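Given next are the chains, with one letter for each unit.
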Amino acid sequence: MQFETILQENNGPIATIIMNRPDALNALNIQVFKDLTACLLAIAKNREIRVVVIKGAGERAFVAGADIKEMADIKGAMSSERSYLGMHVYDLLRHIPQPVIASINGYALGGGMLLAMACDIRVAAEGATFGYPEIKLGIFPGTGGTILLDRLIGSANARAICLTGELFDAPRAYQLGLVTHLVAKDALVAETARLAELMAGYSPVALHETKCALNASLEMAFEAAREAEVAAHARCFASNDRFEGMNAFIEKRSPDFRGD
Ligand code: CO8
């Protein structure tokens, strides 16, 4: 599939989505959200793809936020329409069956930090820069941005990040638990590939159901989330892959997971 604002490269079971507006530091405009929606919906249905990576084109940015030049002209109900478009993308990232890795180099700001947070795993290069600078523009990180940050790193630091708009570096993001892996700049590609290949070898059913359980925890109250987790676990147990995984252990061989 061809897109206007993003590129998709498939390498065996790993699909890499490249945010491709380097002249605007890969800022998110409406077309980007439309392209990401189409791309993620297609990936969700493609059983050949087992892991997704998202990264920014160029050396300077993952994504420097929503496109401020486009936003400047947005009025009235259009702002909510745009919010729903963005939220749909963030929801898709969490809910597609495949694990998604954000591979972060340079700026991950505003809606770009949120894009990374909607991914399952965040690998950052030292030198990456994070933050929610929206407050300086007279807005705040809508589209779930306050909520997700609050739930991922806790209320105290989320409030400081949203209300001060101050940017912070990758080691601080790692310390906050916002990024899960921190590597030297020249190790980002290799570490991203290592994690992608590792998960591409696991059962797609188990990966999907693990995401379902974690999503339930994020989105539901305790009792309901636990019920959702029991159901997800039962679906794993009903898969051929779990027989394969357990038999492979007993037979001292590598499992061959088929995704059914
Ligand atoms: N939108 C549009 N263009 C941008 C953006 C952006 N967010 N960021 C950078 N650019 C453009 C610049 O305008 C510039 O273009 P040009 O050469 O045509 O003037 C080019 O990218 C390079 O940027 P700079 O010259 O500014 O580079 P610097 O190294 O001087 O500065 C910074 C880099 C610090 C990243 C700076 O560009 C900056 O502050 N950018 C804006 C960051 C920001 O405020 N992000 C938050 C935006 S609001 C948001 O994300 C709301 C999210 C809500 C969810 C959206 C869902 C619908």
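Here the structure is a predicted model, which means the values were calculated and not measured.

*Asks:* Lay out the domain arrangement of the protein chain with the relevant residues and their values.
*Replies:* Here the domain parsing of the protein chain yields domain 1 (6-200) and domain 2 (204-250). Just the C-alpha atoms count here: the centres of domain 1 and domain 2 sit 25 Å apart. Of the residues lining the interface, 13 residues belong to domain 1; the matching set on domain 2 comes to 7 residues. Across the pair Glu219 and Arg94 runs a salt bridge, and its minimum N-O distance is 3.7 Å. At the boundary of domain 1 with domain 2, the tally comes to 8 residue pairs in polar contact (both at pLDDT 80 or more). Among the elements of the structure, α3 (77-95) and α5 (145-153) are those that each provide at least two residues to the side of domain 1 that touches domain 2. Element by element, the count of residues in the side of domain 1 that touches domain 2 is highest for α3, at 3 residues. In terms of residue class, the side of domain 1 that touches domain 2 is made up of 7 nonpolar, 2 polar and 4 charged.

*Asks:* Describe the sheet that holds strand β8 (residues 129-131), naming the residues involved and giving the relevant values.
*Replies:* Reading across the sheet, the 4 strands line up as β4-β6-β8-β9 and stay open at both edges, with mixed pairing between neighbours. Unpaired on one side and paired on the other, β4 (61-63) and β9 (168-169) mark the two borders of the sheet. Bridging between strand β6 (residues 107-109) and β8 involves 3 bridges; their strand directions are parallel. Bridging across to β8, Ala108 finds its partner in Phe130.

Cut-off values and rules
- Residues numbered from 1 in each chain as written.
- Predicted model: local features only at pLDDT ≥ 70, side-chain atom pairs only at ≥ 80, totals over all residues.
- Heavy atoms only, no water.
- Domains from an automatic or database assignment.
- Contact = heavy atoms within 4.5 Å.
- Salt bridge = Lys/Arg side-chain N within 4 Å of Asp/Glu carboxyl O.
- Polar contact = N/O pair within 3.5 Å; in protein donor to acceptor, adjacent residues only side chain to side chain.
- Helix = DSSP H or I, 4+ residues; strand = E, 2+ residues; numbered from the N terminus.
- Nonpolar A, V, L, I, M, F, W, Y, C, P; charged D, E, K, R; others polar.
- Pairing = 2+ DSSP bridges.

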